[in-house]
Amino acid sequence: MIVNVLFYAFGAILVAAALGVITARNPVHCALFLVAAFLNSAVIWLLLEAEFLAVTLVVVYVGAVMVLWLFVVMMLDVDVARLRQGFTRYAPLGALIALIVVAQIGLVVWVRNLGLGDLPVPDPKPAGYSNTAELGKLLYTQYLYPFEIAAVILLVAIVAAIALTLRRRKESKYVDPAQQIAVPREDRVPIVKMPSEGTGEDRGERREA
């Protein structure tokens, strides 16, 4: 009973936060509403005993992606009026996507009416059960090779991104430290030590003398 109450409560907050994402006029408020939507989604995942997905949603999306996006939105000078000018241009596409989502929700409701909702509920897991441990066993046993291939692809993507940012531009001017050190002593700029002229009072005394 308490699980159903929590599900509907956090589900309602999730729907309200999702509506706030698309209705808020300030981009920063949209980002904050999206953070709230992610947090409520994580709670629903916990109710479904999928703690790994809940923690991943909080750590990856809320703790990294959304915080980065929020700081970028706050630092950039976003012209909200200019963004609103393209609303009518993309309204048909948005309406089409909304119709597709509504059709998918209707399909889910229709499938439940076929009797699939009468299936028995899985038994709750024991207290010592770890969803994360079970997922780790599958990744490093049955799905080890796909996991390693995905890791190699991500590593290649990271190296390629770093290589693209370190390209030498023709118009850029830089100094090679190795060439600076290899310059012989006679070609270097000599440093001449000269005596100081003293203060203004000293220079006046010299003139009088």
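Right above here is the structure, for reference.
Now for a look at the structure at hand. (Residues numbered from 1 in each chain as written. Predicted model: local features only at pLDDT ≥ 70, side-chain atom pairs only at ≥ 80, totals over all residues. Heavy atoms only, no water.)

Our focus in this paragraph is the overall build of the protein chain. Each helix and strand counted, the protein chain has nine helices and zero strands in total. Secondary structure of the protein chain in N-to-C order comes out as α-α-α-α-α-α-α-α-α. The burial tally for the protein chain puts 11% of its 209 residues in the buried class. In the protein chain, the share of contacts with a sequence separation of at least 24, taken over all contacts with a separation of at least 6, comes to 59%. Surface accessibility of the protein chain: about 18,200 Å² in total, with carbon and sulfur atoms responsible for 68%. (Helix = DSSP H or I, 4+ residues; strand = E, 2+ residues; numbered from the N terminus. Buried < 20%, exposed > 50% of the residue type's maximum accessible area, 1.4 Å probe, protein only. Contact = heavy atoms within 4.5 Å. Areas by Shrake-Rupley, 256 points an atom, 1.4 Å probe, with all protein chains shown as cover.)

So, on to the packing of helix α1 (residues 2–23) against helix α2 (residues 27–47). The N-to-C vectors of α1 and α2 enclose an angle of 160°; their axes lie 8 Å apart at closest approach. Viewed along their axes, α1 and α2 adopt a mutual orientation that is roughly antiparallel. Both α1 and α2 take part in a crossing whose hand is left-handed. Contacts between α1 and α2 involve V3, L6, F7, F10, G11, I13, L14, A17, G20 and V21 from the former and C30, F33, L34, A36, A37, N40, S41, V43, I44 and L47 from the latter. (Axes fitted to C-alpha atoms, helices over the stretch in contact; angles between N-to-C directions. Parallel < 35°, antiparallel > 145°, perpendicular 65-115°, else oblique. Left-handed = near helix turned anticlockwise from the far one by under 90°.)

Moving on, we come to the side chain of S41. Structurally, S41 is set in helix α2. Residue S41 is classed as buried on the basis of its relative accessible area, which comes to 17%. Within the structure, S41 has its side chain in polar contact with the backbone oxygen of A37 (distance 2.8 Å). Aside from chain neighbours lying at most four places away, what touches S41 is L14 and L57. (Polar contact = N/O pair within 3.5 Å; in protein donor to acceptor, adjacent residues only side chain to side chain.)

Let us look at the packing of aromatic side chains. Taken as a whole and judged by the stated rule, the model has three aromatic pairs. Taking the centre distance of 5.4 Å and the plane angle of 50° together, the rings of F38 and Y61 count as tilted. Taken together, the residues span a long stretch of sequence, with F38 in helix α2 and Y61 in helix α3 (residues 51–75) at a distance of 23 residues. A centroid spacing of 5.3 Å and a plane angle of 65° characterise the contact between Y140 and F147, whose relative ring orientation is edge-to-face. (Phe/Tyr/Trp six-rings, centres within 6.5 Å; stacked < 30°, edge-to-face > 60°.)

What follows covers the nonpolar core. Of all hydrophobic cores here, the largest spans twelve residues; its members are V28, A31, L34, V35, F38, A42, A54, L57, V62, M66, L70 and V73. For this core, the secondary-structure elements that each account for two or more residues are α2 and α3. Setting aside its immediate chain neighbours within four residues, A42 contacts A54, L57 and V58. (Core = buried A, V, L, I, M, F, W, Y, C linked by side-chain atoms within 4.5 Å.)

For α1, with 22 residues, the first-to-last C-alpha span of 32 Å sits near the 32 Å given by 1.5 Å per residue. Taken together, the buried residues of α1 touch α2. (Expected span 1.5 Å × (residues − 1).)

A separate point is unusual backbone geometry. Look at E49: it is not a glycine, yet its phi comes out positive at around 65°. When you line up the elements, E49 lands in the loop between α2 and α3.

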